[in-house]
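Descriptive structure summary
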Amino acid sequence: MIVRIMTDHQYEVDDSLLEELNEIDNRIVSLVEKDDESFIDDLKKLIKIVKERGKILDDSLLKNSEIIIPPEDIRLDEAKKIFMGEGIFPD
């Protein structure tokens, strides 16, 4: 799966990580729904996993990203527009 981190790069992420990433994504959705600013901690964890366990793609190899993760500095009001329902990783 190709994942883009906004303001960063695209990463190829092994499908074996999807369940773990989806669990974090679901926690973020729940926290955002509760107006809990601590969603940032889980967002940072999500980004860290993609960066550490995904394979960065060369910028010259632009591919369609299946998932786009917002940057760590996203505000709660912006996160509410992204992290809703299933979140960014479909269940």
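Relevant structure appears above.
First, a word on what this report is: a plain description of the structure on this page. Small disclaimer: the values here were computed from a predicted structure and weren't measured. (Residues numbered from 1 in each chain as written. Predicted model: local features only at pLDDT ≥ 70, side-chain atom pairs only at ≥ 80, totals over all residues. Heavy atoms only, no water.)

Let us look at the environment of Val50. Secondary-structure assignment places Val50 in helix α2 (residues 39-53). Taking the C-alpha atoms as reference points, Val50 and Val13, 37 residues apart in sequence, are found 6.8 Å from one another. Once you skip the residues sitting within four places of it in the chain, Val50 turns out to touch Val3, Ile5, Tyr11, Val13, Leu21 and Ile69. (Helix = DSSP H or I, 4+ residues; strand = E, 2+ residues; numbered from the N terminus. Contact = heavy atoms within 4.5 Å.)

A separate point is the pattern of salt bridges. A full pass over the atoms with the stated rule returns six salt bridges. Put simply, Asp8 and Lys51 hold a salt bridge, and the shortest N to O gap is 3.6 Å. Residue Asp8 is located in the loop between β1 (2-5) and β2 (10-12), and its partner Lys51 is located in helix α2; the two are separated by 43 residues in the primary sequence. In this structure, Arg75 engages Asp77 in a salt bridge whose closest nitrogen and oxygen atoms are separated by 3.0 Å. One salt-bridge network, in which partners are shared between bridges, spans Arg75, Asp77 and Glu78. (Salt bridge = Lys/Arg side-chain N within 4 Å of Asp/Glu carboxyl O.)

Keep in mind these numbers describe shape, not what the thing actually does.
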